[in-house]
Amino acid sequence: MYLQMLTVKELSAWLNIKSSTLYLWVSKNKIPCRRIHGLVRFEPEAIQAWIDSFTSPSPEKPPGAPRQNPEDVDHLIA
């Protein structure tokens, strides 16, 4: 079975970030990667799981501050 690995250039295009940012994240172990003979490569499944880890199911919305009447904004402007 052949596993397709992403290069820094490919992943930076996918994530829409600079390659330098990606290299920084790699150096700080902030993103899952593999180092193969001095080259940095990324497994698409690991990257997708990493991205998914930042989005958690949103529980019920916490109660917010009571909304004020729109006419009551005059005191904020003053």
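I will try to describe carefully the structure that is included in this document. (Residues numbered from 1 in each chain as written. Predicted model: local features only at pLDDT ≥ 70, side-chain atom pairs only at ≥ 80, totals over all residues. Heavy atoms only, no water.)

## Observations concerning the packing of aromatic side chains
Aromatic ring pairs are described here by two measures, namely the spacing of the ring centres and the angle between the planes.
Next, step 1: Scanning the entire structure with this criterion turns up two aromatic pairs.
Next, step 2: Summarising the aromatic geometry, the rings of Trp 25 and Trp 50 are spaced 5.8 Å apart at their centres and angled 55° between planes, so their arrangement reads as tilted. Residue Trp 25 is found in helix 2 (residues 19-27), and its partner Trp 50 is found in helix 3 (residues 44-52); the two are separated by 25 residues along the sequence.
Next, step 3: Trp 50 gets classed as buried once you look at its relative accessible area, which sits at 17%.
Next, step 4: Taken together, the aromatic side chains of Trp 25, Trp 50 and Phe 54 make up a single cluster linked through ring pairs. (Phe/Tyr/Trp six-rings, centres within 6.5 Å; stacked < 30°, edge-to-face > 60°. Helix = DSSP H or I, 4+ residues; strand = E, 2+ residues; numbered from the N terminus. Buried < 20%, exposed > 50% of the residue type's maximum accessible area, 1.4 Å probe, protein only.)

## Quick notes on the environment of Cys 33
Next, step 1: Residue placement: Cys 33 occurs in the loop between helix 2 and strand 1 (34-36).
Next, step 2: On the accessibility criterion, Cys 33 (25% relative accessible area) is partly exposed.
Next, step 3: For the pair Cys 33 and Glu 43, spaced 10 residues apart in sequence, the C-alpha separation works out to 7.0 Å.
Next, step 4: Leave out the neighbours within four places in its chain, and Cys 33 touches Val 26, Val 40, Arg 41 and Phe 42. (Contact = heavy atoms within 4.5 Å.)

## Points about the packing of helix 1 (residues 8-15) against helix 2
Think of two packed helices as two axes; the pair is described by the angle between the axes and how far apart they sit.
Next, step 1: The interhelical angle for the contact between helix 1 and helix 2, taken along N-to-C directions, is 105°, at an axis separation of 9 Å. One element, helix 1, and the other, helix 2, form an angle in the roughly perpendicular class. When helix 1 is examined against helix 2, the residues Val 8, Leu 11, Ser 12 and Leu 15 are found in contact with a partner set consisting of Ser 19, Leu 22, Tyr 23 and Trp 25.
Next, step 2: Here the residues of the contact of helix 1 with helix 2 sort into six nonpolar, two polar and no charged. (Axes fitted to C-alpha atoms, helices over the stretch in contact; angles between N-to-C directions. Parallel < 35°, antiparallel > 145°, perpendicular 65-115°, else oblique. Nonpolar A, V, L, I, M, F, W, Y, C, P; charged D, E, K, R; others polar.)

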